[in-house]
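# Descriptive analysis of the structure
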Amino acid sequence: MHKLILAFILAIISIQVFAADYDKILTRLNEVAKRPHTALFSLGKNDQGMDIVGVMIGDSSTATIKHLVVGTHHGNERAAAEVPFLFADQVLTNYDSSVLYYVIPVLNITGYNANRRQETGSDNQTHDSNRDYEDACMTKQDWNLKSTHLIADFMDKEDVVSAVSVHGYVGSFTFPFGMYADNFKTLDNALLVDWAKKAAKINGYTTGTHGDIVYPAEGSFEDYAYFKHGIWSFLMEIRSTTTDLKKDALSLVEFFKNSPRERSKHVGQKVDCVSRILSYKGISRP
Ligand SMILES: [Zn+2]
């Protein structure tokens with residue numbers, strides 16, 4: 001009995017310790033928002049009723065294009081929350097009134113507070129937020145989490161042209177497709193290959209499709225944004241041994257500088273889907 005009470009108390013203490021993590025993110029966002037050309041915004045409330053907060057950099061009256069950086073779909077990939085802040089700093093230091101950026105350091109608040117990959121849904125179960133989007137190849141239960149649905153609606157409604165989600169820790173900068181397909185090349189492949197290489201010159205990351213370089217996965221943010229909306233969506237996996245995250249931020253700056261002015265015209269293109277079981281049996285996917 002005493003042990004149980006002790007365990008309970010320890011659990012409460014640990015929850016309180018971890019709960020401070022997202023509060024620190026909010027404090028830092030408030031600091032960023034003291035600088036000119038910034039404003040805080042909320043995507044809306046997650047499954048626990050907490051606002052998912054980001055900072056908008058730019059002015060919609062002068063901007064002619066909008067982009068998005070979203071960090072921390074996976075709460076244990078801590079550097080994924082840091083790079084968006086460094087990116088915001090770079091953008092503000094070299095301010096360009098023709099571009100508007102939405103920067104969200106942490107999408108998965110419960111995962112971040114618990115230093116855990118998954119996010120807690122309204123069902124009190126944990127879900128992998130980067131498997132929660134609609135998938136072109138697999139029928140599954142989508143949108144278990146409010147956070148994913150909110151960002152999906154937001155980027156479409158706000159006419160985001162290019163987006164990067166930040167993860168850890170492969171050391172890669174990749175682009176669609178990454179679903180279970182025979183061929184990961186999209187109709188935009190040539191453009192994506194060149195574009196990724198230019199950005200990755202700065203941090204030396206490996207480039208290519210998600211499926212080729214990282215691993216195939218169903219229901220990822222990047223495939224969804226590109227396939228469904230034509231948003232140019234890339235995935236930066238911060239390298240585990242990186243000591244200079246500023247290079248990753250500068251790589252993102254270079255990436256957005258080279259963005260097309262409009263979304264891809266190849267929305268809903270044909271995908272050579274394959275069965276996950278048949279094609280990837282026995283391959284463990286981190
Ligand atoms: Zn991840």
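Below you will find a few notes about this structure. Note that the structure is a prediction, hence the values are computed from the model and not measured.

Definitions and cut-offs
- Residues numbered from 1 in each chain as written.
- Predicted model: local features only at pLDDT ≥ 70, side-chain atom pairs only at ≥ 80, totals over all residues.
- Axes fitted to C-alpha atoms, helices over the stretch in contact; angles between N-to-C directions.
- Helix = DSSP H or I, 4+ residues; strand = E, 2+ residues; numbered from the N terminus.
- Parallel < 35°, antiparallel > 145°, perpendicular 65-115°, else oblique.
- Left-handed = near helix turned anticlockwise from the far one by under 90°.
- Contact = placed C-beta atoms within 7 Å.
- Nonpolar A, V, L, I, M, F, W, Y, C, P; charged D, E, K, R; others polar.
- Pairing = 2+ DSSP bridges.
- Expected span 1.5 Å × (residues − 1).
- Buried ≥ 20, exposed ≤ 12 C-beta atoms within 10 Å, placed from the backbone.
- Arc of directions from axis to C-beta.

## Re the packing of helix H5 (residues 189–203) against helix H8 (residues 245–257)
Relative orientation of the contacting elements H5 and H8 amounts to 155 degrees, with a least axis distance of 8 Å. Between H5 and H8, the crossing angle belongs to the class labelled roughly antiparallel. Seen along the crossing, H5 lies across H8 with a hand that is right-handed. Contact residues: Lys198, Ala199, Ala200, Ile202 and Asn203 in H5; Lys247, Asp248, Leu250, Ser251, Glu254 and Phe255 in H8. Class assignment for the residues of the contact of H5 with H8 results in 5 nonpolar, 2 polar and 4 charged.

## Focus: the pairing of strand E2 (residues 51–57)
Bridge count for strand E1 (residues 38–45) against E2 is 6 bridges, and the pairing is antiparallel. Residue pairing in the sheet places Lys45 in a bridge with Asp51 of E2.

## Re the sheet that holds strand E8 (residues 172–175)
Taken in spatial order, the 8 strands of this open sheet run E1-E2-E4-E3-E7-E10-E8-E9, and their pairing is mixed. Looking at strand neighbours, the two that pair on one side only are E1 and strand E9 (206–209), the edges of this open sheet. Each neighbouring strand pair of the sheet contributes to a mean axis angle of 20 degrees, computed without reference to strand direction. Note that strand E3 (residues 65–71) and strand E7 (residues 160–169) share 6 bridges and pair parallel. Of the residues in E7, the one forming a bridge with Val70 is Ser165.

## With respect to H5
A rise of 1.5 Å per residue sets the reference length of H5, with its 15 residues, at 21 Å; its end C-alpha atoms lie 21 Å apart and thus fit the reference within 8%. Among the residues making up H5, those that are buried are Leu192, Trp195, Ala196, Ala199, Ala200 and Asn203. Those residues of H5 that are buried lie in contact with E8, E9, strand E10 (232–239) and H8. Directly beyond the C-terminal end of H5, a positive phi value near 75 degrees is found at Gly204.

## Let's talk about the pairing of E10
If a strand is regular, its side chains alternate between the two faces of the sheet. Extensive coverage of E10 is indicated by the burial of 8 of its 8 residues. Pairing between E7 and E10: 8 bridges, direction parallel. The partner of Val164 across the bridge, within E10, is Phe234. Pairing of E8 with E10, which is carried by 3 bridges, proceeds in the antiparallel orientation.

## What to know about H8
Taking 1.5 Å per residue, 13 residues should reach 18 Å; H8 reaches 19 Å between its end C-alpha atoms and fits that length. Among the residues making up H8, those that are buried are Asp248, Ala249, Ser251, Leu252, Phe255 and Phe256. Projected down its long axis, H8 carries its buried residues within an arc of 155 degrees, all on one side. Summarising the contacts, the buried residues of H8 are in contact with E3, helix H2 (79–93), E7, H5 and E10.

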